[in-house]
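# A closer look at the structure
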Amino acid sequence: MSYKRVLTVQDISCVGQCSLTVALPIISACGVETCPLPSAVLSTHTGGFKGFTFRDLTDDMPDIMSHWEKEGLYFDAIYTGYLGSTKQISYVSDIFSKNGKDGCIKLVDPAMADHGKLYTGFDMEFVSAMKVLCGKADYVIPNVTEACFLTDTEYKETYDRAYVDLLLEKLTSLGCKNVIFTGISYEKGKTGVVVYKNGVYSYYEHEMLPNSCHGTGDIYASAFTGALVRGKTAFDAAKIAADYTLECIRETAKEAGHWYGAKFETSLSKLIADVNE
Ligand code: PXL
């Protein structure tokens, strides 16, 4: 197996089981060297805690990038998640063009919205900049809400295949090559992920669990990135990530009251086994 190095750009929420605190262990568990570039440091995530601290690290980015260039440090893949500011998005664009090896895989999880709403702190200026970044990605990994913001489409909770096809067409017209479209549910009790690769649609459907957890988008995108970089096809990586995320949600449901994140740690052995199969 060839040893790969991934850069992941997203925040550290000290408490909250999201972003870098899940991306580092999950991608590492896939057998891939994982380098973090923190976009911001928060005491907790923004989804339900009150009075969180937020240290924006945008201004540190140019020096970090140029140091890597001086040292000849380049990445096999670059995966971005929650970004701390609109200005930061243009630095991340520069990282895509300067800090990747030849053939570097660029993945963008436009982590900015869910359940029809933008996360606290984001505005339409941020959304516009995110559209440009998505246009530069090999893979974008949105949920339905994020896809709607990125394509100026009305958000629907129930929809059909025509609605999904329209979103896929609009997303790829931003310029991104492939879409891993998460949380797509056509039937009560079921959900799944659409893999739209070079214009070809495929779908992995699975059970919809009654409980949902904060941070599962980050768990999913991290596992997808790790499995893809380890050489799985996009469909197999999407399936591995979905099965693992489901397991994390099941684990979390065992303890009522664990509201702020998903217990991803106890199922890492399943992910490791699936990636090495
Ligand atoms: O899980 C996405 C995420 C990441 N980072 C921060 C967040 C959120 C979602 O609320 O607040 C800081």
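My aim in this report is to walk through the structure given alongside it, one point at a time. Residue positions are given per chain, counted from 1 along the sequence in the order it is written. Residues qualify for local features only when their pLDDT is at least 70, as the model is predicted, and side-chain atom pairs are given and counted only at 80 or more; totals for whole chains, interfaces and linings, by contrast, use all residues. Hydrogen atoms and water are omitted, and side-chain values are computed over all heavy atoms in the structure.

### Quick notes on the nonpolar core
One broad rule of soluble globular proteins: the nonpolar side chains tend to lie buried together. Counted only if it meets this: Side-chain atoms within 4.5 Å are what join buried Ala, Val, Leu, Ile, Met, Phe, Trp, Tyr and Cys residues into a set we call a nonpolar core. Exposed residues in this analysis have more than 50% of their type's maximum accessible area, buried residues have under 20%, and partly exposed residues fall in between, with area computed by a 1.4 Å probe over protein chains only. By the criteria applied, helices consist of DSSP H or I runs no shorter than four residues and strands consist of E runs no shorter than two, each listed in order from the N terminus. Working rule for contacts: check all heavy atoms of both residues, and any pair within 4.5 Å makes them a contact.
Ranked by size, the top nonpolar core spans 47 residues in total, and within it Leu7, Met112, Met130 and Phe181 carry the most contacts. Counting residues per element, this core draws most heavily on helix H4 (residues 124–134), at six residues. Other than its neighbours up to four places away in sequence, Met130 contacts Leu83, Ile89, Val108, Pro110, Met112 and Leu150. Residues Ile27, Ile219, Ala221 and Ala238 belong to the second largest nonpolar core, which totals 42 residues.

### Section: the environment of Cys104
Assignment of secondary structure puts Cys104 in strand S5 (residues 100–108). Judged by its relative accessible area of 6%, Cys104 is buried. Sequence separation of Cys104 and Glu157 is 53 residues, and the distance between their C-alpha atoms is 35 Å. Filtering out sequence-adjacent residues up to four positions away, Cys104 remains in contact with Phe75, Asp76, Ala77, Ile78 and Asp138.

### Considering the packing of aromatic side chains
Our working definition: When the centres of two rings from Phe, Tyr and Trp lie within 6.5 Å, Trp using its six-membered ring, the rings pair. Their planes under 30 degrees apart give stacked, over 60 give edge-to-face, and anything left gives tilted.
Enumeration according to the criterion identifies 11 aromatic pairs in this entry. Aromatic side chains Phe49 and Trp259 sit 4.7 Å apart centroid to centroid with 50° between the ring planes, which places their arrangement in the tilted category. One end of the pair, Phe49, is in the loop between strand S2 (33–44) and strand S3 (54–56); the other, Trp259, is in the loop between helix H8 (234–253) and helix H9 (268–276), with 210 residues separating them in the sequence. For Phe49, a relative accessible area of 21% puts it in the partly exposed group. Taking 4.1 Å as the distance between ring centres and 25° as the angle between the ring planes, the aromatic pair formed by Phe122 and Phe126 counts as stacked. Across this residue pair, the class does not change: Phe122 and Phe126 are buried. Following the ring pairs from residue to residue traces out a cluster consisting of Tyr159, Tyr163, Tyr186 and Tyr203.

### Topic: the pairing of S2
Heads up, the condition is: Whether two strands pair depends on DSSP finding at least two bridges between them. When the strands point away from the viewer and the connection leading from the first strand across the helix to the second strand turns clockwise, the crossover is called right-handed.
Where strand S1 (residues 5–15) lies against S2, nine bridges are found, and the strand directions are parallel. Residue Val6 lies in a different strand from S2, and its bridge partner there is Thr34. Read from S1 through helix H1 (residues 20–29) to S2, the crossover connection turns out right-handed. In the sheet, S2 pairs with S3 via three bridges, with the strands oriented antiparallel. Within the sheet, the bridge partner assigned to Leu42 lies in S3 and is Phe54.

Keep in mind that these numbers describe shape and distance, not what the molecule does.
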